[in-house]
Amino acid sequence: MFDGFRRRQIHANGLTFSGWETGDETGRPALLLHGFPDDPSSMVPLATRLADAGYRCYLPYMRGYGETDPDPNDD
């Protein structure tokens, strides 16, 4: 499913977001966010096209999904 993608973690606002990255590491960034009840795999076709166009795409698991931290307030 994630062939050609790299595992990544981003730390922001006291949370750790786990996810996937693809594309040229010097390319313009594109943040692709999934909705409920999906996961980052729903963004793979779009990420592949954007990466082919020179973008660096990050596909995080949203809060409470995968290995990403849950909301600290349980919201």
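Residues numbered from 1 in each chain as written. Predicted model: local features only at pLDDT ≥ 70, side-chain atom pairs only at ≥ 80, totals over all residues. Heavy atoms only, no water.

**Quick word on the pattern of salt bridges**
What counts is decided by this rule: Just to be clear on terms, a salt bridge is a Lys or Arg side-chain nitrogen sitting within 4 Å of an Asp or Glu carboxyl oxygen. Here a strand is any run of E in DSSP of at least two residues, a helix any run of H or I of at least four, and the numbering for each starts at the N terminus.
Across all of its chains, the model carries six salt bridges by this definition. A salt bridge links glutamate 25 to arginine 6, with the shortest nitrogen-to-oxygen separation between them at 3.4 Å. Residue glutamate 25 is found in the loop between strand E2 (15–23) and strand E3 (29–31), and its partner arginine 6 is found in strand E1 (residues 6–12); the two are separated by 19 residues along the sequence. If you follow the salt bridges from partner to partner, you end up with Arg6, Arg8, Glu21, Glu25 and Arg56 in one network.

**Comments concerning the side chain of threonine 22**
Note the following rule: Only protein chains enter the accessibility calculation, which uses a 1.4 Å probe. A residue is then buried if its area is under 20% of the maximum for its type, exposed if over 50%, and partly exposed in between. Within 3.5 Å is the distance limit for a polar contact, defined as a pair of N or O atoms, with the added protein rule that one can donate a hydrogen and the other accept it, and that residues adjacent in sequence qualify only through two side-chain atoms. Note on definitions: a residue-residue contact is assigned when non-hydrogen atoms from the two residues lie within 4.5 Å.
For threonine 22, the position within the fold is in strand E2. The class of threonine 22 is buried, set by a relative accessible area of 9%. A distance of 3.4 Å separates a polar side-chain atom of threonine 22 from the backbone oxygen of glycine 4. Setting aside residues up to four positions removed in sequence, threonine 22 forms contacts with Gly4, Phe5, Arg6, Ala47, Ala51, Tyr55, Arg56 and Cys57.

None of this, on its own, says anything about what the molecule does.
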